[in-house]
Each structure stands twice: as structure tokens, then as C-alpha cells.
Amino acid sequence: MTISATQWGSPTATRRALLIHGITMSSNSWEGLAQLLVAEGFFIVAPNLLAHAGRQGNTDYRISAFAEDLRPYFVMGTSYDVIIGHSFGGAVAVSLLPFLPKMKETTVILLDPGLEFTEEQNKVNLDLFLKETANIKPVDVHMAKNPAWSRRDCVLRTLGFSMCDRTAVEIFRQNSPWSFKSLLKNIPPHVKITVLVSDPKFGVGICNLKDIPRDVERLNARALTGIGHWIQYECPDAIMDAIPLPGARL
């Protein structure tokens, strides 16, 4: 088992966060948000998922296998105050719930998570993956298409594509039917989940509010008007507002 991750902050910090990236991204794509968390006293760990950031893939690309691959980040009672997952990483984050220490209050934040796709949507996602990894867009193209992103964000987006193993296309094939919203129906009593959903009018929306179960204790979901799929790039303050902080953002 290969451990591959980016870290920010001091390992002696009193609070810890685990950040899980999406498909065709890498751990360092969290740089901007990580710096905000460090300023609030966090130590941050962001793993590189299987077949990403130069990591070799394997034959098992089920979401459960991605969650199992992250189990070493919970050894010896290691816990996190906050776990954040973006897009595909959101589905992986929810799959980690059984690994969380039962005596530790944990806030889980899902950023436009990929929880529910029709067969047609899954096929579209698969075709888009093949197209975008075969013809990687340069930084300037991302900057022109996404004016709200910083140049650093665009560089990291291009880097993520260039370091993604194309065998990761099996993610779409081996998770069909793509249906993970049921994982939100039994949230442990020590966990609170916030789902932040992008505005479908702004870019590609992965999550739909109608796919988030209602009337589930410790589950809150809201749409972000005017914000696209890349919430951590476009509206990091919304993420920070969802994190319980000392002295707090009320």
C-alpha cells in the first residue's frame, strides 16, 4: 500500500482535516482551501487517490476500494475534526463513515458530490473523461473558461489531468449503476454532514438537491447560487462557514 499525500500546517495542531479530491485531480489541488484551514489552526492531510497524481491504479475501481485504500489514514486511532470531499471525492468521503472513531465528533462537508447518476449521465461522464485526458487543456484555456479561478487553480487543474492514469476510466464502468445517496440515510450520531450543491446554471453540476435525502438527522444541504462545480475555487468562504470554529462564524 503506497501512501501519497500533501500536508499543510503543523502536525501538533489541535485540529485536523482530511481533504479528498475528485477524478482527474490531485492532493495539491486543495492548496487555497488548505491555507485558509491552516490559518484557523488545522493540520491538513490530502491523500492522492488511486490512479491519480502518479499513483498506480489497480483492478478494483469500486468506490468501496477507494475508501479502503484510505484506511491507513485512520490507523492508531487517528481522527479528523473535518473531512471534505469534492465531486467523486464526496462519494468516497461518505464511504469512510464506518472508519470514523465513534467517540469523535466529525464534520463532513461534501462539495457538489457525485452521488447519483443515471446510466446516460454515467456514460457522458465516461466519454468526457476519455476526451479530456486524451487532449489536456493548457492553463490559459482553463483561465479563459473559469474567470473566478486563480492562475494557481488553473495550473493545478492541468496538472491533475496530466498525472491521472487513464485506467481510472474504470471508475465509471465498475460503479454502474452509480447510486450512493443511500449512504446518507444512516449517519452515525457523532457525525454531521453538510452538502454544498453548485448552481446548475453555472457550469457542470454534478449533484442535484433532489438526490439528497430529506428529514435525515445531522444532514444539511443547500445550493450555492451563482457558484459552479468547483466550490473550493469559487467560494471557499461557504466551506469555511460550514466548519465549526472557535469563536465562531455564526
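Before reading on, note that the structure itself is shown above.
The structure contained in this document is the topic of the report that follows. (Residues numbered from 1 in each chain as written. Predicted model: local features only at pLDDT ≥ 70, side-chain atom pairs only at ≥ 80, totals over all residues. Heavy atoms only, no water.)

The next point concerns the overall build of the chain. Looking only at helices and strands, the chain features 9 helices and 7 strands. For 250 residues, the compact-globule estimate of 2.2 N^0.38 gives 18 Å, and the C-alpha radius of gyration of the chain, at 17 Å, lies within 12% of that figure. Overall size of the chain, expressed as C-alpha extent along the three principal axes, is 45 × 40 × 35 Å. Expressed as a percentage of contacts within the chain between residues at least 6 apart in sequence, the contacts between residues at least 24 apart total 78%. With the model as given, the accessible surface of the chain reaches about 11,700 Å², and the carbon-plus-sulfur share is 54%. (Helix = DSSP H or I, 4+ residues; strand = E, 2+ residues; numbered from the N terminus. Rg over C-alpha atoms; globule rule 2.2 N^0.38 Å. Contact = heavy atoms within 4.5 Å. Areas by Shrake-Rupley, 256 points an atom, 1.4 Å probe, with all protein chains shown as cover.)

This part covers the pairing of strand β5 (residues 106-111). For a regular strand, side chains alternate in direction, first toward one face of the sheet and then toward the other. When you tally the buried positions in β5, you get 6 out of 6 residues, the bulk of the element. Burial along β5 is two-sided: the face carrying Thr-106, Val-108 and Leu-110 and the face carrying Thr-107, Ile-109 and Leu-111 are both buried. Sheet topology note: the strand β4 (residues 82-86)/β5 ladder contains 5 bridges and is parallel. Note on β5: the bridge partner recorded for Gly-85 is Leu-110. (Buried < 20%, exposed > 50% of the residue type's maximum accessible area, 1.4 Å probe, protein only. Pairing = 2+ DSSP bridges.)

With that settled, the discussion passes to unusual backbone geometry. Residue Pro-177 follows Ser-176 across a cis peptide bond; omega there is 0°. In the Ramachandran plot, Thr-24 falls in the positive-phi region, its phi being about 65° despite a non-glycine side chain. Along the polypeptide, Thr-24 turns up in the loop between β2 (15-20) and α1 (31-39). The buried category is assigned to Thr-24, whose relative accessible area is 5%. A positive phi angle, near 70°, is found at Ala-51, a position not held by glycine. Positionally, Ala-51 belongs in the loop between β3 (42-47) and α2 (63-69). Judged by its relative accessible area of 0%, Ala-51 is buried.

So, about the nonpolar core. Soluble globular proteins: nonpolar side chains tend toward being buried together. Formed by 50 residues in total, the largest nonpolar core has its most connected members in Ile-20, Phe-74, Ile-83, Phe-88 and Ile-193. Elements with a contribution of two residues or more to this core: β2, β3, α2, α3 (88-95), β5, α4 (119-134), α7 (170-174) and β6 (191-197). Considering each element in turn, this core owes the most residues, 5 residues, to α3. Ignoring sequence-local partners within four residues, the contact set of Phe-74 consists of Leu-18, Tyr-80, Ile-83, Leu-96, Phe-99 and Leu-100. Trp-8, Ile-44, Ala-46 and Ile-243 belong to the second largest nonpolar core, which has 24 residues in total. (Core = buried A, V, L, I, M, F, W, Y, C linked by side-chain atoms within 4.5 Å.)

Taken together, 7 strands build an open sheet; the order of strands is β1-β3-β2-β4-β5-β6-β7 and the sheet is mixed. Each edge of the open sheet carries a strand with a single partner, namely β1 (5-8) and β7 (219-223). Looking at each pair of strands side by side, their axes are set apart by 15° on average, direction ignored. Here β2 pairs with β3 via 4 bridges, running parallel. In the sheet register, Leu-18 faces β3, and the bridge partner there is Val-45. This element, α1, spans β1, β2, β3 and β4 of the sheet and lies at about 155° to β3. Sheet strands in contact with α3 are β2, β4 and β5, and its direction is about 140° off that of β4. (Axes fitted to C-alpha atoms, helices over the stretch in contact; angles between N-to-C directions.)

With that settled, consider the pattern of salt bridges. According to the stated counting rule, one finds 11 salt bridges in the structure shown. For Arg-151, the salt bridge identified is with Asp-140, shortest N-O distance 3.4 Å. Here Arg-151 is found in helix α6 (residues 151-162), whereas its partner Asp-140 is found in helix α5 (residues 139-145), with 11 residues between them in sequence. Using a relative accessible area of 46% as the deciding quantity, one classes Arg-151 as partly exposed. (Salt bridge = Lys/Arg side-chain N within 4 Å of Asp/Glu carboxyl O.)

As a further point, take the side chain of Ser-198. Structurally, the position occupied by Ser-198 is in the loop between β6 and β7. One polar contact links Ser-198 to Asp-112, side chain to side chain, over a distance of 3.0 Å. (Polar contact = N/O pair within 3.5 Å; in protein donor to acceptor, adjacent residues only side chain to side chain.)

Attention now goes to the state of the cysteines. Applying the stated criterion to the full structure yields 0 disulfides. Looking at the unpaired Cys-154, the closest cysteine sulfur is the one in Cys-235, lying at 17 Å. Residue Cys-154 is classed as buried on the basis of its relative accessible area, which comes to 0%. No disulfide involves Cys-207; its nearest neighbouring cysteine sulfur is the one of Cys-235, lying 16 Å away. (Disulfide = S-S within 2.5 Å.)

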